[in-house]
There are 2 protein chains.
Amino acid sequence: MNVGELNGSESLMPETAATDRCWVGFDLGGTKMLAVVTDDHFQPIARKRRKTRSEEDNSIGMGRVINTIERVLEEAGITADRLAGIGIGCPGMLELDRGIVREAGNLGWENVPVQSQLEKAFGCPAVILNDVDAGVYGEYRFGSAQKAHTALGIFPGTGVGGGMIYEGRIFRGKNCSCLEVGHMQVMADGPRCSCGRQGCLEAVSSRLAISAAAAQAVFRGQAPKLAELAGSDLANIRSGMLVEAIKKGDKIIEQIVKDAAGHLGTAIGGLVHALAPDVIVLGGGLVEAMPDLYVEQVSAAAKKWVLPAYAKTYEIVAAKLGDDAVALGAAAWAEATIAA
Amino acid sequence: MNVGELNGSESLMPETAATDRCWVGFDLGGTKMLAVVTDDHFQPIARKRRKTRSEEDNSIGMGRVINTIERVLEEAGITADRLAGIGIGCPGMLELDRGIVREAGNLGWENVPVQSQLEKAFGCPAVILNDVDAGVYGEYRFGSAQKAHTALGIFPGTGVGGGMIYEGRIFRGKNCSCLEVGHMQVMADGPRCSCGRQGCLEAVSSRLAISAAAAQAVFRGQAPKLAELAGSDLANIRSGMLVEAIKKGDKIIEQIVKDAAGHLGTAIGGLVHALAPDVIVLGGGLVEAMPDLYVEQVSAAAKKWVLPAYAKTYEIVAAKLGDDAVALGAAAWAEATIAA
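Just so it is clear, the model here is predicted, and its values are computed rather than measured.

Caption draft 1: Here's a closer look at the relation of the copies chain B and chain A. Superposing chain B onto chain A requires a rotation of 180 degrees together with a translation of 0.0 Å along the rotation axis, leaving an RMSD of 0.0 Å. Given the turn and translation reported, the copies of this chain are related as if by a two-fold rotation axis. When the interface residues of chain B are mapped onto chain A, 100% of them again fall at the interface, so both copies present the same face.

Caption draft 2: Structural context of empty space enclosed by the protein. According to the stated counting rule, one finds 2 cavities of 30 Å³ or more in the structure shown. Of the pockets and cavities examined, the largest cavity occupies roughly 200 Å³. What lines the largest cavity is a set of 18 residues, and nearest its centre among them are Met184, Gln185 and Val186 of chain A together with Met184 and Gln185 of chain B. Secondary-structure elements contributing two or more residues to the lining of the largest cavity are helix H8 (251–275) of chain A together with helix H8 (251–275) of chain B.

Caption draft 3: Looking closely at the interface of chain B and chain A. Residue-level contacts link 42 residues of chain B with 42 residues of chain A. Between chain B and chain A, roughly 3,500 Å² of surface is buried when both sides are summed, and carbon and sulfur atoms account for 66% of that area. Inspection of the region where chain B meets chain A yields 0 salt bridges. Here chain B and chain A share 22 residue pairs in polar contact (both at pLDDT 80 or more) between them. Elements with a minimum of two residues in the side of chain B that touches chain A: strand E11 (160–166), H8 and helix H10 (291–305) of chain B.

Caption draft 4: Looking closely at the packing of helix H5 (residues 207–219) of chain B against H8 of chain B. All names here are of chain B. Between H5 and H8, the shortest axis-to-axis distance is 10 Å and the interhelical angle comes to 155 degrees. The orientation of H5 with respect to H8, classified from their angle, is roughly antiparallel. For the pair H5 and H8, the crossing hand works out as right-handed. Across the interface between the two elements, Ile210, Ala213, Ala214 and Ala217 of H5 pack against Ile252, Ile253, Ile256, Val257 and Ala260 of H8. Residues belonging to the contact of H5 with H8 are distributed by class as follows: 9 nonpolar, no polar and no charged.

Caption draft 5: Just the pattern of salt bridges, in detail. Residue and element names in this part refer to chain B. Within the structure shown, the criterion is met by 20 salt bridges over all chains. Glutamate 244 is the salt-bridge partner of lysine 248, the closest N and O atoms lying 3.3 Å from each other. Its relative accessible area of 45% is what places lysine 248 among the partly exposed residues.

Caption draft 6: Molecular detail of the sheet that holds strand E11 (residues 160–166) of chain A. Residue and element names in this part refer to chain A. With mixed pairing, 5 strands are arranged side by side in an open sheet as E12-E11-E10-E13-E14. The strands lining the two open edges of the sheet, one partner per strand, are strand E12 (169–170) and strand E14 (315–318). Both strand E10 (residues 150–156) and E11 contribute to a ladder of 7 bridges, which runs antiparallel. Residue pairing in the sheet places proline 156 in a bridge with valine 160 of E11. Packed on one face of the sheet, helix H3 (residues 131–142) meets E10, E11, E12 and strand E13 (279–282) and runs near 50 degrees to E11. H8 rests against E10, E11, E13 and E14 of the sheet, and its axis sits at about 160 degrees to E10.

Caption draft 7: Local environment of the environment of valine 186 of chain A. Relative to the helices and strands, valine 186 of chain A resides in the loop between E12 and helix H4 (201–205). Along the primary structure valine 186 of chain A and leucine 201 of chain A are separated by 15 residues, whereas in three dimensions their C-alpha atoms are 5.7 Å apart. Among all residues touching valine 186 of chain A, those that are not within four sequence positions of it are Gly199, Cys200, Leu201, Val204 and Ala267 of chain A together with Gln185, Val186, Met187 and Ala188 of chain B.

Caption draft 8: Structural view of unusual backbone geometry. Residues and elements named next belong to chain A. Residues other than glycine seldom take positive phi values, yet glutamate 167 does so here, at roughly 50 degrees. Its location among the elements puts glutamate 167 in the loop between E11 and E12. In this structure, aspartate 189 takes a positive phi of about 60 degrees despite not being glycine. Among the secondary structure elements, aspartate 189 is positioned in the loop between E12 and H4. Classification of aspartate 189 as exposed rests on a relative accessible area of 67%.

Caption draft 9: Focus on the confidence of the model for chain A. All names here are of chain A. Here chain A averages 91 in pLDDT, and 92% of its residues register 70 or above. Here residues 1–6 is modelled with pLDDT under 50, and outside its nearest four sequence neighbours on either side it reaches 18 contacts, counting other chains as well. At the level of chain-chain contacts, confidence expressed as ipTM amounts to 0.87, with global pTM at 0.90.

Caption draft 10: Local environment of the pairing of E11 of chain A. All names here are of chain A. Counted residue by residue, E11 has 7 buried out of 7 residues, so it is predominantly covered. Along E11, one buried face is formed by Val160, Gly162, Met164 and Tyr166 and the opposite face, lined by Gly161, Gly163 and Ile165, is buried too. Counting the residues in the hairpin turn of E10 and E11 gives 3 residues. In this sheet, E12 lies alongside E11 in antiparallel orientation, the contact comprising 2 bridges. Residue pairing across strands places isoleucine 165 opposite isoleucine 170, the latter belonging to E12. Between E11 and E12, which follow one another and run antiparallel, lie 2 residues, and glutamate 167 among them has a positive phi close to 50 degrees.

Caption draft 11: Examining the environment of proline 308 of chain A more closely. Residue and element names in this part refer to chain A. You can see proline 308 is positioned in the loop between helix H10 (291–305) and E14. With a relative accessible area of 68%, proline 308 lands in the exposed category. As for proline 308 and histidine 149, which are separated by 159 residues in sequence, their C-alpha atoms are 20 Å apart.

Caption draft 12: A look at helix H7 (residues 239–247) of chain B. Residues and elements named next belong to chain B. Looking only at H7, the buried set comprises Ser239, Leu242, Val243, Ala245 and Ile246. End-on view of H7: buried residues confined to an arc of 165 degrees, all on one side of the axis. Where H7 is buried, its residues contact H5, helix H6 (224–229), H8, helix H9 (285–289) and H10. Glycine 249 occupies a position one or two residues after H7 and carries a positive phi of about 115 degrees.

Caption draft 13: Region of interest: the side chain of serine 144 of chain A. Residue and element names in this part refer to chain A. Counting through the fold element by element, serine 144 comes out in the loop between H3 and E10. A polar contact is formed between the side chain of serine 144 and the backbone oxygen of alanine 318, at a distance of 3.0 Å. Apart from residues no more than four positions distant in its own chain, serine 144 is found in contact with Glu139, Val279, Val281, Val317, Ala318, Ala319 and Lys320.

Caption draft 14: Highlighting the nonpolar core. Grouped together as the largest cluster of nonpolar side chains are 118 residues, with contacts concentrated most on Tyr294 of chain A together with Tyr294 of chain B. Not counting the four nearest positions on each side in its chain, tyrosine 294 of chain A is found in contact with Pro156, Ser205, Ile210, Val257, Ala260, Ala261, Leu264, Leu282, Leu286 and Val287 of chain A.

Caption draft 15: Layout of the sheet that holds strand E6 (residues 93–95) of chain A. All names here are of chain A. With antiparallel pairing, 3 strands are arranged side by side in an open sheet as E6-E7-E8. Taken across any chain shown, the strands that pair with only one partner, and hence form the sheet edges, are E6 and strand E8 (109–112). In this sheet, neighbouring strand axes are inclined to one another by 15 degrees on average, regardless of whether the strands run parallel or antiparallel. Sheet topology places strand E7 (residues 100–104) next to E8; 3 bridges connect them, and they run antiparallel. Bridge pairing links glutamate 103 to glutamate 110 in E8.

Caption draft 16: Structural detail: the state of the cysteines. Residues and elements named next belong to chain A. For the coordinates displayed, the defined rule picks out 0 disulfides over all chains. Cysteine 90 takes part in no disulfide bond, and the closest cysteine sulfur to it belongs to cysteine 176, at a distance of 15 Å. Overall, the relative accessible area of 0% leaves cysteine 90 in the buried class. Looking at cysteine 195, it has no disulfide partner, and the nearest cysteine sulfur is the one in cysteine 200, 3.7 Å off.

About the cut-offs
- Residue positions within a chain follow its written sequence, with the count starting from 1.
- Just so you know, chain letters begin at A and ligand numbers begin at 1, following the order they were written in.
- Note on the predicted model: pLDDT of at least 70 is required for a residue's local features to be given, and 80 or more for side-chain atom pairs to be given and counted; whole-chain, interface and lining totals, by contrast, use all residues.
- Excluding hydrogens and water, the side-chain values take into account all heavy atoms of the structure.
- Here the copies are superposed with least squares, the fitted atoms being C-alpha atoms of residues at a pLDDT of at least 70 in both.
- The contact definition used throughout considers only heavy atoms, calling two residues in contact when any of these lie within 4.5 Å.
- Only protein atoms enter the 1 Å grid, on which a cavity is a set of points fitting a 1.4 Å probe that cannot get out and a pocket is an open set with protein on both sides within 12 Å along at least 5 of 7 lines, lining residues being those with an atom within 4 Å of a point.
- Grid points are joined across faces, edges and corners, and a volume is the space filled by probe spheres set on the points.
- Think of it this way: any DSSP run of H or I at least four residues long counts as a helix, any run of E at least two long counts as a strand, and we number them from the N terminus.
- Defined here as a combined quantity, buried area equals the accessible surface (1.4 Å probe) lost by two parts on assembly, summed across both.
- Each reported salt bridge corresponds to a side-chain nitrogen of Lys or Arg within 4 Å of a carboxyl oxygen of Asp or Glu.
- What qualifies as a polar contact is a pair of N or O atoms within 3.5 Å, subject to a donor-acceptor requirement within protein and to the restriction that residues adjacent in sequence count only when both atoms come from side chains.
- Comment: axis = line fitted to C-alpha atoms, over the contacting stretch for helices; angle = value between 0 and 180 degrees taken between N-to-C directions.
- Angular relationships are summarised with four words: roughly parallel below 35 degrees, roughly antiparallel beyond 145, roughly perpendicular across 65 to 115, and oblique for the angles in between.
- Here a crossing is called left-handed whenever its near helix is offset anticlockwise from the far helix by less than a right angle, and right-handed whenever the offset is clockwise.
- Three residue categories are used. Nonpolar comprises Ala, Val, Leu, Ile, Met, Phe, Trp, Tyr, Cys and Pro, charged comprises Asp, Glu, Lys and Arg, and polar comprises the others, including Gly.
- Buried residues are those whose accessible area, probed at 1.4 Å on protein chains only, stays under 20% of the maximum for their type, while exposed residues exceed 50% and partly exposed ones sit between those limits.
- The rule for pairing is simple: two strands pair if DSSP sees at least two bridges between them.
- As a per-residue quantity, pLDDT reports the predictor's confidence and falls between 0 and 100.
- By arc we mean the arc of the directions from the helix axis to the C-beta atoms, nothing more.
- Within this scheme, the nonpolar core is defined by two criteria: the residues are buried Ala, Val, Leu, Ile, Met, Phe, Trp, Tyr or Cys, and they are joined through side-chain atoms within 4.5 Å.
- Two cysteine sulfur atoms form a disulfide, by the criterion used here, when they sit within 2.5 Å.

The structure is reproduced here in structure tokens:
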């Protein structure tokens, strides 16, 4: 599925019967937000995408979230009384049972009662969940992990996010989300991580770690194609450029990506013994930009690591839903939670 | 709780009313087996402990398991028609849904239909489960992890075993047990593991890894107390001797144990982000021999590793049930499975 441009919107099926229940799924990211209205089968009716922070206002409040939902409903020609529920995937540390975002550095949020504010604004049940969990749940319900007993999702990006669907429900802590696999130690005394520790998985296999190694290669003159595309500022290096540089012949970039995928695969191999997932979904921009290379490299490294007894218990696949995964997963989770 | 001597047995409450339901829990280990008959509240009535292999016969068959249960029932003065169910904790690779031990190297077993043979022999429902899972479930029901939302059990022994109770049920794969945490890589290019790979958790923190390091210290003349107690053959080094050597002043042995506990604590810290357990139970002979030292060292290392957001979400405790954990957990799991 593709979505409208940033800050754009589209109405896909405005003719939906007025008596049907509708859902809203929301993806609240650090840089952009996406609201999707769906019908009762979670088919998108309309989408609204906006930057998380407006140009005038550097603080983002619940007002902007609510306003975005109002706009997408308007776009779809749907009134709030038809809404059966709202699910919103949020970053940061969440208090799941009370529906509060306890702390989200990216948003500058502390103790924001997201659930109650949405319920008040739209007069329907709302639920919050971790954004990566929402994405994995989306893949479980509608994407490449359907019908899995245990679906483990791993999303290498700025960090390495994870989520798990276990026997149909999102795996969680007593009152918090989990599967923060990025901060497991995989290399004692390894590279320094964003968290201050050494040798975390995300310090060796995130997109950021790849970009840092790639920028060094550019600086050393070993990656002329990437030098043309992005230069040596790692802030400019995007997943698509890495793919293009590899295609154009930057062998060292290919090796850097393969190394990172290899570390990820070894860690996933360890998680196969620990969690016995039958489906492992890889997603995020990096994987989307080079699904074949990535899935192949991760699979090869995992295969080397996994004990013979577990060799045939799992498959590794690429995510399918792209930018819609979090919003659709959140909407479907709202239904699953309300029904429970 | 203490148990009778090896190959001994005891009858604790033979006067139980004849109308009450009884359960059998069974711990099938590589060197010894333990059968426990309990009342309907899982209070032990009698125990029967035997070596897994008899002196005459180096192969152990289901006959010996069945015979041990018959003997413990006799001891307790209970007839098979009062049995509500049998739970048996088994090592190796299990096919949970069909109740088959697919492969257990320690026992020399391949494709043994344990569940159906027990059901046929005793005319009551039976269930098989992984032995470590059974032990953790025992701690969850009757020991130090009661009422946990997510109880993670870690048992450093010859390897490093693990099990998890999630929302009241044993966490499992589609058709296999899991939480084989011993084979997660914690040290890229680290010491060689039993599985052939390098840097697995169990290669740096199992009792065997400790014994190997301790034997080296003895050989080098750095651990005179352990030299007196055990010599340099690591097959002779038992947990109790390590404690005694430490008490008598072998500083290097203390350091070796602390190093291993530290690696374990770091790995547990990583699992806190991944699984958000609210209770982590440490068990097995090594922990039992020095619970304070071990829990303290593991906790300190975990605390250093855990991200601030998860700092107050968990506690680390020592197991309570000792040798009874697996059998009692298996019996209680039989009830939970039959009721489900």
